[in-house]
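Observations on chain architecture
Each chain, written out:
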Amino acid sequence: MSEQERMDGPELVPELVPDLKLAEFELQLARAMRPVDAPEGFAARVMDKAELTQKVVVIRPRSGLLRMQAWMGGALAAVLALGMYGSEVLHQRRERAEQAAKADQQFAVAMQVTDHALAQTREQLQRAGLKLGE
Amino acid sequence: MLMAMEAVEFRRLVETHQRMVFSLALRVTGEYGTAEEVAQDAFLELYRAVERLESEDHVRFWLRRVTVHRATDALRRRAVRPEAAAEEWIEEAHGPEVADGAAMNAAVVARLEELLQGLPEAMRVAVVLRYQEEMSPDEIAKLLGQPVATVKSHLQRGLQLLRRKAAVTMKEYVR
């Protein structure tokens, strides 16, 4: 048996593993589970990502502001639309009121004309010795 | 840009703990690429949280906990079990180290790593923390937020399962 083999010990030979006691197996497991090296360039990649993360953090308020501006734009558009709709409704109401007033005026004029015509007719009939309604 | 001092200090932390973080991620996920992603995420979280951490021990504890959580999250997201991937990384992770014959037999290491990937998640995490990180059951319980009895049970059952599997599959292995 070589010096190296003696250092490794017989418990490390695969065919003997089934006969190992639990404590020996634990030892073997601990040896097998040494930490392994991180991949080449790992730290550099983490640093790059950390820098990107920081940029994102810096950008965040701006993107938040952009989101707020978009939201405010939407709200403004909605307010404008409501305003336009409201003014249209008011305009229509005013027009209807004006038309109603005009119609009332026309009706009053027509009534005056009718009253006048009736008065004249009554006068002519009285002169002829007749009474209206007879 | 990162402030100069901040960058130097953060890089020191990455370089100090990268081996531990990557190994934990690798042994829990069983997949090299996923392990790198998990390890990077753990360090990026550290970068955001470092001001709250009070000492080097606190950083180590925090990194172990975050790495285990992120690794188990990654495991749950993955639909397939990692057995197939295990063979791929075992060679990459242990190849040069075991090839010189100074450590234990490469075939045994590879087989044990493979068997570890076959353990249920909770047992595997406990076994990795115990044998890779050399943590006591109390420390593992604190890290995982589990009762000590649960951790001891996971360790005991995990170890017995591994040993039983080793006994069966390594006989086949040498035929």
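Residues numbered from 1 in each chain as written. Chains lettered and ligands numbered in written order. Predicted model: local features only at pLDDT ≥ 70, side-chain atom pairs only at ≥ 80, totals over all residues.

1. Regarding the overall build of chain A
Secondary structure assignment for chain A yields 3 helices and 0 strands. Counting from the amino terminus, chain A carries its helices and strands in the arrangement α-α-α. Sorting the 134 residues of chain A into buried and exposed places 9% on the buried side. (Helix = DSSP H or I, 4+ residues; strand = E, 2+ residues; numbered from the N terminus. Buried ≥ 20, exposed ≤ 12 C-beta atoms within 10 Å, placed from the backbone.)

2. Side note on the overall build of chain B
Within chain B one finds 8 helices and 0 strands. Element order for chain B, N to C, with α for helix and β for strand: α-α-α-α-α-α-α-α. With 175 residues in all, chain B has 41% of them scored as buried. The long-range share in chain B, meaning contacts at least 24 apart out of those at least 6 apart in sequence, stands at 68%. (Contact = placed C-beta atoms within 7 Å.)

3. Focus on helix 2 (residues 22-32) of chain A
The set of residues buried in helix 2 of chain A consists of Phe25(A), Gln28(A), Leu29(A) and Ala32(A). Down the axis of helix 2 of chain A, the smallest arc covering the buried residues is 100°, so these residues share one side. (Arc of directions from axis to C-beta.)

4. As for the confidence of the model for chain A
All names here are of chain A. Chain-level pLDDT for chain A is 74 on average; 69% of the residues reach the 70-or-more range. Taken element by element, the predicted model of chain A shows its lowest mean pLDDT in helix 1 (residues 3-8) (43) and its highest in helix 2 (83). Low confidence marks residues 1-18, where pLDDT is under 50. Its contacts with residues over four positions away, or in another chain, come to 27 contacts. Here residues 57-66 scores under 50 on pLDDT; set against residues more than four positions off or in separate chains, the count is 0 contacts. (pLDDT = per-residue confidence, 0-100.)

5. Re unusual backbone geometry
Residue and element names in this part refer to chain B. Of note, Glu134 is a non-glycine position whose phi angle comes to about 55°, a positive value. You can see Glu134 is positioned in the loop between helix 6 (121-131) and helix 7 (137-144). Look at Glu134 and you get exposed, because 10 C-beta atoms sit within 10 Å.

6. A closer look at the confidence of the model for chain B
Residue and element names in this part refer to chain B. Residue-level pLDDT values for chain B average 82, and 79% of them are 70 or greater. Long-range and interchain partners of residues 82-87, a stretch whose pLDDT sits below 50, account for 13 contacts in this model, where long-range means more than four residues apart. Note that residues 95-103 has pLDDT below 50 and, in this model, 7 contacts with residues that lie over four places away or in other chains. Taken over the whole predicted complex, pTM reads 0.60, whereas the ipTM for its chain interfaces reads 0.76.

7. Topic: the environment of Glu114(B)
Looking at the secondary structure, you find Glu114(B) in helix 5 (residues 106-117). Between the C-alpha atoms of Glu114(B) and Gly30(B), which are 84 residues apart in sequence, the distance is 8.6 Å.

8. Some remarks on the nonpolar core
Grouped together as the largest cluster of nonpolar side chains are 50 residues, with contacts concentrated most on Phe22(B), Ala25(B) and Ala39(B). The element best represented in this core is helix 1 (residues 4-29) of chain B, accounting for 9 residues. Leaving out residues up to four positions away in the same chain, Ala39(B) has contacts with Ala38(A), Gln18(B), Val21(B), Phe22(B), Ala25(B) and Thr67(B). (Core = buried A, V, L, I, M, F, W, Y, C linked by C-beta atoms within 7 Å.)

9. A short note on helix 5 of chain B
All names here are of chain B. If you check helix 5, its first and last C-alpha atoms are 17 Å apart, about what 12 residues at 1.5 Å a residue would give, namely 16 Å. Counting buried positions along helix 5 yields 9 of 12 residues, so the element is predominantly enclosed. Taken residue by residue, helix 5 has Val108, Val109, Ala110, Arg111, Leu112, Glu113, Leu115, Leu116 and Gln117 as its buried positions. (Expected span 1.5 Å × (residues − 1).)

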